[in-house]
Amino acid sequence: LICFVGCKNVNIKDIFLDDAANTAIVLDNCSNTSLNNVTIQHKTEGAAALSISDCNGIKAISCYFDTVARPYVSNGSCKDITIDKCITSTGAEVK
């Protein structure tokens, strides 16, 4: 649904993404990007809610991930990734 490549200083806030056909948010080679109060709900097998690749300074705060796959995946050389107060549909904290 949303893909950012090579972006800086992006803020994604207070949105609801439903029924993505694949990974809902893709961040590739981004820096200083934040997700606040983002809800992602989809049941696509093998598709994470959030994919982070080769990024620096990514923050996900107070997000809700309702997926059948892992809430997020991190690939490549990622630095300074913060996941705080994010939960899954089972109430498990995302780490």
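In this text the structure is predicted, and so the values were computed from the model without any measurement.

### Considerations on the overall build of the protein
Across its full length, the protein carries zero helices and 12 strands. In terms of overall dimensions, the protein has C-alpha extents of about 30 × 25 × 20 Å along its principal axes. Buried residues in the protein amount to 41% of all 95 residues. By sequence separation, contacts in the protein at least 24 residues apart represent 44% of the contacts at least 6 residues apart.

### Examining the sheet that holds strand S2 (residues 11-13)
With respect to topology, four strands assemble into an open sheet ordered S2-S5-S8-S11, the strand pairing being parallel. Each edge of the sheet is formed by a strand with only one pairing partner; in this case those strands are S2 and strand S11 (79-84). Taken pair by pair, the neighbouring strands of this sheet meet at an average axis angle of 5°, ignoring direction. In this sheet, strand S5 (residues 31-36) lies alongside S2 in parallel orientation, the contact comprising three bridges. Residue pairing in the sheet places lysine 13 in a bridge with asparagine 36 of S5.

Cut-offs applied
Residues numbered from 1 in each chain as written. Predicted model: local features only at pLDDT ≥ 70, side-chain atom pairs only at ≥ 80, totals over all residues. Heavy atoms only, no water. Helix = DSSP H or I, 4+ residues; strand = E, 2+ residues; numbered from the N terminus. Buried < 20%, exposed > 50% of the residue type's maximum accessible area, 1.4 Å probe, protein only. Contact = heavy atoms within 4.5 Å. Pairing = 2+ DSSP bridges. Axes fitted to C-alpha atoms, helices over the stretch in contact; angles between N-to-C directions.

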